[in-house]
Amino acid sequence: MKRLICLSVTAVSLTLAGCGKESDELPVDGREFDGVEYSQPAPYTGKVIDGYLNRARVWLDMDGDSQYTPGPLVLELDNGREVTLTAGEPTAMSGPGGVFSLDISGLVLPPGVGPDLDPRDYPLFAVAIPGTTLEETRNGDVPVARAYLMSAAPGNRNLTPLTTLDRYRQMVGLASLSDIPSLEGLAGLNLVRDYILAGDERAHAYARALARFMASQLPDEYNTLLAQPGSAGTERFLSKEAAFLLGVSLVQNAGSVADVVDAAAGGGNYANVDADALALPEVTLELTDPVLLTRQLVYAEPASGGTLPASTSGLEISAELAFDYTEDGRIRSVSAQGCMAPTLRELARVIRVNGRMGVLETQWLPSASLSAQSRVSYEAAGTDERLVFDWDAQTITFDTVTSCHLSQGAEPESSELGGTPEIVYSWTRENGVLASVTARYANGAERILTPRLTNATEVFPGYGIEQGGAEQESVRFLSDVVTCAVDEQAVGADQVVTGVQSYAFAGYEPQPSGFTNLEVQFDTRTFASGEHEDLRLLSYGFLDPLKLADGRVTGNGGFKWAMRYPVSGASGFVASQPNLIQEAFLRAYTLPGDCGREFEAEASSAYARVVYSYETLSDYLVGLLQ
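Residues numbered from 1 in each chain as written. Predicted model: local features only at pLDDT ≥ 70, side-chain atom pairs only at ≥ 80, totals over all residues. Heavy atoms only, no water.

Engineer: An account of the overall build of the chain is requested, with residue identities and associated values reported.
Structural biologist: Secondary structure summary: the chain contains 9 helices and 31 strands in total. Dimensions of the chain along its principal axes, counting C-alpha atoms only, are 100 × 65 × 50 Å. Within the chain, the proportion of its 626 residues that are buried is 52%. Within the chain, residue pairs in contact and separated by at least 24 positions form 65% of the contacts whose partners lie at least 6 positions apart. Surface summary for the chain: the accessible area is close to 26200 Å², and the carbon and sulfur share equals 49%. Of the charged side chains in the chain, 43 are positive and 82 negative, and the gap between their average positions amounts to 1 Å. (Helix = DSSP H or I, 4+ residues; strand = E, 2+ residues; numbered from the N terminus. Buried < 20%, exposed > 50% of the residue type's maximum accessible area, 1.4 Å probe, protein only. Contact = heavy atoms within 4.5 Å. Areas by Shrake-Rupley, 256 points an atom, 1.4 Å probe, with all protein chains shown as cover. Lys, Arg positive; Asp, Glu negative; His and termini not counted. Charge placed at Lys NZ, Arg CZ, Asp CG, Glu CD.)

Engineer: A description of empty space enclosed by the protein should follow, citing residues and the corresponding values.
Structural biologist: Scanning all chains against the criterion turns up 3 cavities of 30 Å³ or more. The computed volume of the largest cavity comes to approximately 130 Å³. Along its surface, the largest cavity is lined by 15 residues, and Leu149, Thr164, Met214, Leu246 and Gly247 are the ones closest to its centre. Secondary structure elements with two or more residues in the lining of the largest cavity: β11 (148–152), α2 (161–171), α4 (201–217) and α6 (240–265). Estimates place the volume of the second largest cavity at around 50 Å³. When contributions to the lining of the second largest cavity are tallied by element, the ones reaching two or more residues are β26 (519–523) and β27 (536–543). (1 Å grid on protein atoms, 1.4 Å probe; cavity = no way out; pocket = protein on both sides within 12 Å on 5 of 7 lines; lining within 4 Å. Points joined across faces, edges and corners; volume = space filled by probe spheres on them.)

Engineer: Give a detailed account of the packing of α6 against helix α9 (residues 617–625), specifying residues and quantitative values.
Structural biologist: Any two packed helices are characterised by the angle at which their axes cross and by the distance between the axes. The geometry of α6 relative to α9 is characterised by a closest axis approach of 10 Å and an angle of 25° between their N-to-C directions. On the basis of the axis angle, α6 is roughly parallel to α9. When the axes of α6 and α9 are compared, the crossing they make is left-handed. Contacts between α6 and α9 involve Phe244, Leu245, Val248, Val251 and Gln252 on the former and, on the latter, Leu617, Ser618, Leu621, Val622, Leu624 and Leu625. The class makeup of the residues in the contact of α6 with α9 is 9 nonpolar, 2 polar and no charged. (Axes fitted to C-alpha atoms, helices over the stretch in contact; angles between N-to-C directions. Parallel < 35°, antiparallel > 145°, perpendicular 65-115°, else oblique. Left-handed = near helix turned anticlockwise from the far one by under 90°. Nonpolar A, V, L, I, M, F, W, Y, C, P; charged D, E, K, R; others polar.)

Engineer: Give a description of the sheet that holds strand β6 (residues 91–93) that names residues and reports values.
Structural biologist: The strand order across the open sheet built from 4 strands is β6-β3-β8-β11, with neighbouring strands paired in antiparallel fashion. A strand with exactly one partner marks an edge of an open sheet, and here the two such strands are β6 and β11. Strand-to-strand twist across the sheet, computed as the mean angle between neighbouring axes with direction ignored, equals 20°. The sheet contact formed by strand β3 (residues 57–60) and strand β8 (residues 124–128) spans 4 bridges and is antiparallel. For Leu60, the partnering residue across the bridge sits in β8 and is Leu124. (Pairing = 2+ DSSP bridges.)

Engineer: Tell me about the packing of aromatic side chains, and name the residues and values.
Structural biologist: Throughout the structure, instances matching the rule amount to 19 aromatic pairs. Taking the centre distance of 5.7 Å and the plane angle of 90° together, the rings of Tyr325 and Tyr620 count as edge-to-face. Taken as a pair, Tyr325 in strand β15 (residues 315–325) and Tyr620 in helix α9 lie far apart in primary sequence, 295 residues in all. Each member of the pair, Tyr325 as well as Tyr620, is classed as buried. With centroids separated by 4.5 Å and ring planes inclined at 40°, the aromatic side chains of Phe460 and Tyr540 adopt a geometry described as tilted. Here Phe460 is found in the loop between β21 (446–452) and β22 (462–467), whereas its partner Tyr540 is found in strand β27, with 80 residues between them in sequence. Look at Phe460 and you get buried, because its relative accessible area is 2%. The class for Tyr540 is buried, based on a relative accessible area of 1%. The structure contains a cluster of three or more aromatic residues connected by ring pairs, namely Phe460, Phe477, Tyr503, Tyr540, Phe542, Phe559 and Tyr607. One residue, Arg167, lies across the ring of Tyr168, its end atom 5.2 Å from the ring centre. Above the face of the Phe527 ring, Arg536 is positioned so that its terminal group lies 3.8 Å from the ring centre. (Phe/Tyr/Trp six-rings, centres within 6.5 Å; stacked < 30°, edge-to-face > 60°. Lys NZ or Arg CZ within 6 Å of the ring centre and 35° of its normal.)

Engineer: Lay out the state of the cysteines in plain terms, naming residues and giving numbers.
Structural biologist: Evaluated as defined, the whole model comprises 2 disulfides. Disulfide pairing is shown between Cys339 and Cys404; the S-S distance is 2.0 Å. A torsion of 60° about the S-S bond marks the disulfide between Cys339 and Cys404 as right-handed. Pair noted here: Cys339 is in the loop between β16 (331–338) and α7 (344–352) and Cys404 is in the loop between β18 (395–400) and β19 (423–430), with a separation of 65 residues, a long-range link. Its relative accessible area of 2% is what places Cys339 among the buried residues. A disulfide bridge connects Cys484 with Cys595, and the sulfur atoms are separated by 1.9 Å. The disulfide joining Cys484 to Cys595 has a torsion of about -85° about its S-S bond and is therefore left-handed. With a gap of 111 residues between them, Cys484 in the loop between β24 (482–483) and β25 (499–507) and Cys595 in the loop between β29 (583–588) and β30 (605–606) connect regions that are remote in the sequence. (Disulfide = S-S within 2.5 Å.)

Engineer: Give me α6: which residues, what numbers.
Structural biologist: Between its terminal C-alpha atoms α6 stretches 36 Å, which fits the 38 Å expected from 26 residues at 1.5 Å a residue. Gly266 sits one or two positions beyond α6 and adopts a positive phi of about 60°. (Expected span 1.5 Å × (residues − 1).)

Engineer: A description of the pairing of strand β13 (residues 291–302) should follow, citing residues and the corresponding values.
Structural biologist: Counted residue by residue, β13 has 11 buried out of 12 residues, so it is predominantly covered. Pairing of β13 with β15 involves 7 bridges; the strand directions are antiparallel. Considered in β15, the bridge of Arg295 is made with Ala322.

Engineer: Tell me about the side chain of Gln495, residues and numbers included.
Structural biologist: Relative to the helices and strands, Gln495 resides in the loop between β24 and β25. When its relative accessible area of 6% is taken as the criterion, Gln495 is described as buried. Polar side-chain contacts of Gln495 include one of 2.7 Å to the backbone nitrogen of Tyr565. (Polar contact = N/O pair within 3.5 Å; in protein donor to acceptor, adjacent residues only side chain to side chain.)

Okay, structure coming up:
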């Protein structure tokens, strides 16, 4: 670690006397003066700037949680020892000119414990407090109307919207702003200096607009908390992940904000840009940072080139699905190299939560195309199919260039994506509750799903699907979930059937013999504490005779999906979202086993295997930037 910047009293006096008015101010670019060590800790000083901000809360974020932490604060040193900062993180309110001064005497450690803690090793944060913080303008001091959070990378003592952009630019792994085409216009700016002192009107205009954008993304509840009489700006509200998401969104949208400023400046008259009058992007964030499904690998190609089902270990990849999201965690699209197999049932589940996949206990129940064309398309470069979700228009479009869905009536309109979609899905609600989902095919056919929620669970609700005025298929639950005790032999097993729910599956008459005793099977044990449903979906059966249209698919049209989940505490297990599927296997339907037994998802043979991959929303968004 670096040592503290220290000045003796004599040295401070000589410095002030010899340097005149500017002697106690930071360099215009916000860097340190020098690396000289002296005998006593001097205050750690800097500036908070949008315009200069008086009475903003500033702190040194020593525990890395992006919020002010009061004492006692325990920190671990590089040598493994722990130290306690009784006063917590150094903090202060800024004064006139935005100047702040942090008392860092508490960072001096006893001899033998370790080197003194260096404030230059830690980022600075500042929050503008609505109604308390004053922005110094040409027309006098103006109270800040809405809170926003700023930060600066370790060693930089200016705190501005631009230093915030610079810090998160570094944190997401961008060498420079020019790495992103939308940010190239900002690449020439000095992001860390005092742009007011430097007379940089362009940077000042960008900063004021970015401050407004940041304020628009801060949760209303946090703003209300800070606006309360007596607020000191030290109230804790945001998680570390939420603060990071705010920073990532700033990097993603800074280019759009700058474009608005440039347009308002006309021929470069940035001094007269009124930031309060700008129509800035409105971007909603999901600050809980949920874990989201981002990829599925579908293995449904028999290695031998023979028939399905085939040896599970011998199945080869036939499709890869990529799931894309908006910054508020809503699903935006699903793209497939190879063929996907979207179902009305699963689309209805996603629509029910308005596309917020993180709200679903179990994300995107498995499906797989068994067409031989899927592997052929997968082996060729490029995207072959895409679902696009338009939540404002309440439509989902399905576009394909493959022949995988001819038996369902979806014939490709073009050899390229982007033309007339093969299927358009739309939905209706009654009193805010999903009432129907309609699939309209390019050939004029329609299929309509109606939810049937009696006795239903969120993870696998009942439904009816109608086509041409007649019911094509339906699932109707006959009871609630019935639980049972774990068999002695299954105690401690990774997966155990501890809940069953009987249902009737209608349609595709005459149904094959043996397609009876239908049960959805669950593991209802508790895998993690928190507000989630202890209901892991293990298996369910269904009929889909259309899958037999591909001559290599054998059987009677009865299938069963069987799911595997990560072991509690193991890699891939998410304590706050414990019901995320790891793998799923499509097998021939067999009668369900007894409740209480150990459940094995994998069998020696299968029609398909689907492997799931997840990321936090923040990691996903960072990946887009990189």
